[in-house]
Every structure is written in C-alpha cells, then in structure tokens.
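Structure at a glance
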Amino acid sequence: MTAMIDIADAGKTFTMHLQGGIELPVVRGVTFQVQPGECVVLSGPSGAGKSSILKMIFGNYRCDSGRIGIRHRGEVIDLATAEPRQVLNVRRATIGYVSQFLRAVPRVATIDVVAEPLIAGGVTRADAQARAGELLHRLNIPERLWRLPPATFSGGEQQRVNIARGFISDLPILLLDEPTASLDAANRAVVVALVAEKKRQGVAMVAIVHDDEVRHLIADRIVDVTSFAAAA
Amino acid sequence: MADQDIQEADQPLLIANSLSKSYGRIAACRDVSFALYPGEVLAIVGESGSGKSTLLQMLSGQLAASDGQVSYRMRDGVTRDLASLGEAERRLLFRTDWGFVHQDPAQGLRMAVSAGANVGERLMAVGWNHYSRIRESASDWLTRVEIDVARIDDAPRTYSGGMRQRLQIARNLVTGPRLVFMDEPTGGLDVSVQARLLDLLRNLVAELHLAVVIVTHDLAVARLLSHRVMVMKGGRVVETGLTDQVLDDPREPYTQLLVSSILPP
C-alpha cells in the first residue's frame, strides 16, 4: 500500500528577528506515514508542536529540513520544496484543513461558506448547496440560520459551520485541528460519525484531539509528538 | 480541450525579468522577477516608498524600465516583450485584455458622463456600435457590481465613494480582460464599504478566472484576495511566497515587523 502522507525527518525552527534573532526550535526529526482510510492522532502536551506539524503538512508553515511527501493525483509531491502554485493545486485537489476557528469572509451566507469548496471544485451551485444543507442539518445548524453570515454565531455554531465546510469535499487527505473543541456531546458524536465515513471512503486523516473519548473513537494510531521535541 | 486548458494554465501570462527603475542615483525598484499565471492573484505589499507603485507602472507598460523587461502572452498565444509593441497595439491591449483599477476612481472614470457611458465607452473602443446592446451590457455590469440600474444615467460624481469604485471595476471588466492591475483599490474607503468591495472582487476574480496584480499596504486585503505575495522594501523584493505562508510564517525581519504591526481587530 502506498502512503498518502509520508513525512521524513522534517524540522521547523522559528527565528524571531524582532527579539534579537532568538531561535525557537519547534520540532525536528518528524517522521511518520498515513495510509488511505487511516486516522492518525497527534498527541502531546500543549506547545509540543502538534499544530505546527499540521500546518507543515498543509504547506502553511515552511519546513527548514526534511520532506513532506503528499500523494497528489497519483504522484508524490514534496510540499517542503514545492512551488506556491503546486501547493495551491495540492490544496485544491488533495488536502483539506479544518482549522479550529472559522475565518469567514464578511457578508457571505453560511450555506455558501460551506458550499464554496465544492463550487471551486466544479460542482454546480445548486448541487453544492444541497450537499451543504445536508451537512448543516446533520450538524444541527437550524435552517433559518443558513442564509445568514456566520460571523454572529456562537463559538460552537461557527465550529460546526467550519466542520461542514471541511468535510463537504471529497479530498483524499483531511487535517483536523481540534474539530470537537467547543461542541456538545451530540455534535461530537456527529463528528465521530463523519470521520468514520471518511475512513470508509479511504480518506487519510491527521487529527489533533484533546477529548479522550473522541480520540479513542477516531484514532487508528497515535503519534506522540514529544519524541519530535526540538532540543532547546 | 481539457488538456489544452491545462497547457494554457501552465504558461505564464505575464513575466517580469530583472526589472529595475532608477531616477538618477535613486533606485526605486531593483531587479524584480516573477511569473504570473492565468487566474493567479499576486499581491505586492510594502510601505509607501517601497517601490510597489513604480513596479506596477512598469508592469502595466506605463513607465519604461531602466533595465529588464516585461513580457505578456497575447490572446493569440504569442508571448511578446511589451517594449516591442507599437503604440496602437499597447492601447488595444489596455482597452481589451487588461484592466487597471486606480485607488482614486476619478482617475479611472470620466466623472461628468453617465455611468452607462463609462461602462459602454470601453465597448465602443473595441468596435461595439449597437446602442441597445451596449446599454444592455452596461446594465448587466452595473447589476453585477451591485449598482442599482436606475442610476445608469447618473454621472459618477453623484455616486458615493464605494459606488464609484464598483463602477470603475465594471468599466474595467466589461471587455473581459484576462489581467487586471489594481493600485490600492480599497484605499480611500470606509471599513464597511471596503468589506463589501473585497467580497465582490473576490467573487469576480474567481468567477472570471482573472489574473491580478494588486498593490496594497493592507495585509488583510492581501490575505483575502491573493494567492501569492511579494513583500517589498527599499525597491527590493525581500520575501515572496504563498500568501498564508508569508503572513503566518514570515521569515525576513521586515516581513515579521509588518505582520506584527497589525492591530488586532
């Protein structure tokens, strides 16, 4: 079987030029693989670099060393050295990222926020909105809110909109940064079910989850990030 | 067909090659190179005096470079050096395949003639002569930029700042350009008006698959609209990359300073 994500010896250090050039090592020697249909959960205390690793896999943080191999349209692309255009192509067709907070554009209706990734992928607006509606239903966002921009929603509602937007596409890799942080039990169960469906579709996932119960339910494997701690 | 599209998208539309501009001993812009692809939005950020506007003027053929060149892939697929174009060719390019959105709408519009004429004028310049069709296209574009069609016969000097800017955008897009230059398009507007304009621009750019070079000092604008960003200081490009990479993980001292200087909302 060929891994969807193949990270080898990746490292990241921040150089803080405004603080006299202090070097802030984040992680080093990050090495693990994720297979199709597998959910790997990153564990470790806060500050251990879990989110940084997720951002390196998405190409949001640059790597200083090593390689982030991503299987994209049948080829392996190293995101650590890829051109910006390649990174964008990989994000369009291969990697989705569900961040902790919704970064919404003012004025855009919730249903369109959720449908947008599908429309960008070539699905018609009507079909995309229909699927967005199904997901919003499952995540218990009442229909009367769909036409409103999510900016005024509660934290939990915004997170569910974000999850719907992240889960709507059929991308083969999903990165989840605390997808259940501000959700109640019923909605946590919906997210667990959504993750299980993605696994059956062969999606490779990397997640950060603080809730023990959810972690237990979705993790096929746990990668302990403390082993990648960069020596200060 | 699809293969051809991919090949088309794989060829740069605009190429800057070692562009420099100096005024006597002052170097306003030094050794800037990049390639812009169809549908790609490039933001040029930096403070006043960083050389970003000089660069934009060179890219859009309004200012001759002291050194280096700009090439553009014309609609016939041939990539030409802008300096080799005749005046008529350059004007045609400007009226059809390119747009230029100025910070001050008064520079891009004719303030005393009607909104409909402002939009229709660009169509007439490329040979449209059927009055009702021009008017139809103008009303269509006013609607797309969210201007009430009832205002079509009013001159833009009776419009608000936000409306003028939207009209300027309609005037630029009516001929279906592939490349649009924008110089601080949200610069003079109130924050609420800015948000509306940005949202509109974002949708139009994606829908029409426009390539855009946008000069802005506002990193929030760069984040919302652009795929790639070039950070300029003292006439040089100090950092370049994917927009979210450069803004979330800035490497250069100057970029870190810019990013850390944003006040939280």
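Counting restarts for each chain, with residues numbered from 1 along the sequence as it is written. All chains are assigned letters beginning with A, and all ligands numbers beginning with 1, in the order in which they are written. At least 70 in pLDDT is required for a residue's local features to be given in this predicted model, at least 80 for side-chain atom pairs to be given and counted, and no such filter applies to totals for whole chains, interfaces and linings, which use all residues. Hydrogens are left out, water is left out, and the side-chain values use all remaining heavy atoms of the structure.

**Overview of the sheet that holds strand 4 (residues 67–73) of chain B**
All names here are of chain B. Taken together, the four strands give an open sheet; going across it, the order is 2-1-4-5, and neighbouring strands pair in antiparallel fashion. Edge positions in the sheet fall to strand 2 (26–36) and strand 5 (79–81), since each has one partner strand and no second. Averaged over all pairs of adjacent strands, the angle between strand axes in this sheet comes to 20°, irrespective of strand direction. Pairing between two strands requires that DSSP report at least two bridges joining them. Helical segments are the DSSP runs of H or I of at least four residues, strand segments are the runs of E of at least two, and each set is numbered from the N terminus. In this sheet, strand 5 lies alongside strand 4 in antiparallel orientation, the contact comprising three bridges. In the strand pairing of strand 5, R73 is matched with T79. Contacts from helix 2 (residues 52–59) reach strand 1 (14–23), strand 2 and strand 4 within the one sheet, and its direction differs from that of strand 1 by about 125°. Between N-to-C directions, angles span 0 to 180 degrees; the directions come from axes that are lines fitted to C-alpha atoms, helices contributing only their stretch in contact. Whether two residues are in contact is decided by their heavy atoms, any of which lying within 4.5 Å being enough.

**Some points on the interface of chain B and chain A**
Each side of the interface is counted separately: chain B has 30 residues, and chain A has 23 residues. Once two parts are joined, some of their accessible surface, as seen by a 1.4 Å probe, is lost; buried area is that loss totalled over both. A per-residue breakdown of the area chain B buries against chain A is headed by L242, D249 and R251 of chain B, which together make up 25% of the total. Within this document, salt bridges are pairs made up of a side-chain nitrogen of Lys or Arg and a carboxyl oxygen of Asp or Glu, the two lying within 4 Å of each other. Here chain B is connected to chain A by six salt bridges. The partner of K12 of chain A in a salt bridge is D249 of chain B, and the shortest N-O contact between them spans 2.6 Å. The definition of a polar contact used here is a pair of N or O atoms within 3.5 Å, where within protein one atom must be able to donate a hydrogen and the other to accept one, and adjacent residues in sequence count solely through side-chain atom pairs. Scanning the region where chain B abuts chain A turns up 13 residue pairs in polar contact (both at pLDDT 80 or more). Breaking the side of chain B that touches chain A down by element, the ones donating at least two residues are helix 8 (191–208), helix 9 (219–225), strand 10 (236–242), helix 10 (243–248) and helix 11 (253–260) of chain B. Looking at which element gives the most residues to the side of chain B that touches chain A, the answer is helix 8 of chain B, with five residues. Of the residues that constitute the side of chain B that touches chain A, the class distribution is ten nonpolar, six polar and 14 charged. When residue character is reported, Ala, Val, Leu, Ile, Met, Phe, Trp, Tyr, Cys and Pro are called nonpolar, Asp, Glu, Lys and Arg charged, and the others, Gly included, polar.

**Digging into the pairing of strand 5 (residues 75–78) of chain A**
Residue and element names in this part refer to chain A. With four bridges connecting them, strand 4 (residues 65–72) and strand 5 associate as antiparallel partners. Directly across from R71, in strand 5, lies its bridge partner V76. Where strand 4 hands over to strand 5, the hairpin turn is made up of two residues, of which R73 adopts a positive phi near 50°.

**Thoughts on the packing of aromatic side chains**
Paired rings are identified among Phe, Tyr and Trp, the last through its six-membered ring, by centres lying within 6.5 Å, and are further divided according to the angle between planes into stacked (under 30 degrees), edge-to-face (over 60) and tilted (the rest). One pass over the full model with this rule turns up six aromatic pairs over all chains. On the basis of an interplanar angle of 85° and a centroid distance of 5.4 Å, the ring pair of F14 of chain A and Y61 of chain A is categorised as edge-to-face. Of this pair, F14 of chain A sits in strand 1 (residues 5–16) while Y61 of chain A sits in the loop between helix 1 (50–58) and strand 4, placing them 47 residues apart in sequence. A network of ring pairs unites the aromatic residues Y72, F94, W98, F100 and F181 of chain B as a single cluster. Positioned over the ring face of Y37 of chain B is R85 of chain A, at 3.5 Å from the centre of the ring. Criterion for a charge above a ring: Lys NZ or Arg CZ within 6 Å of the ring centre, and within 35 degrees of the ring normal.

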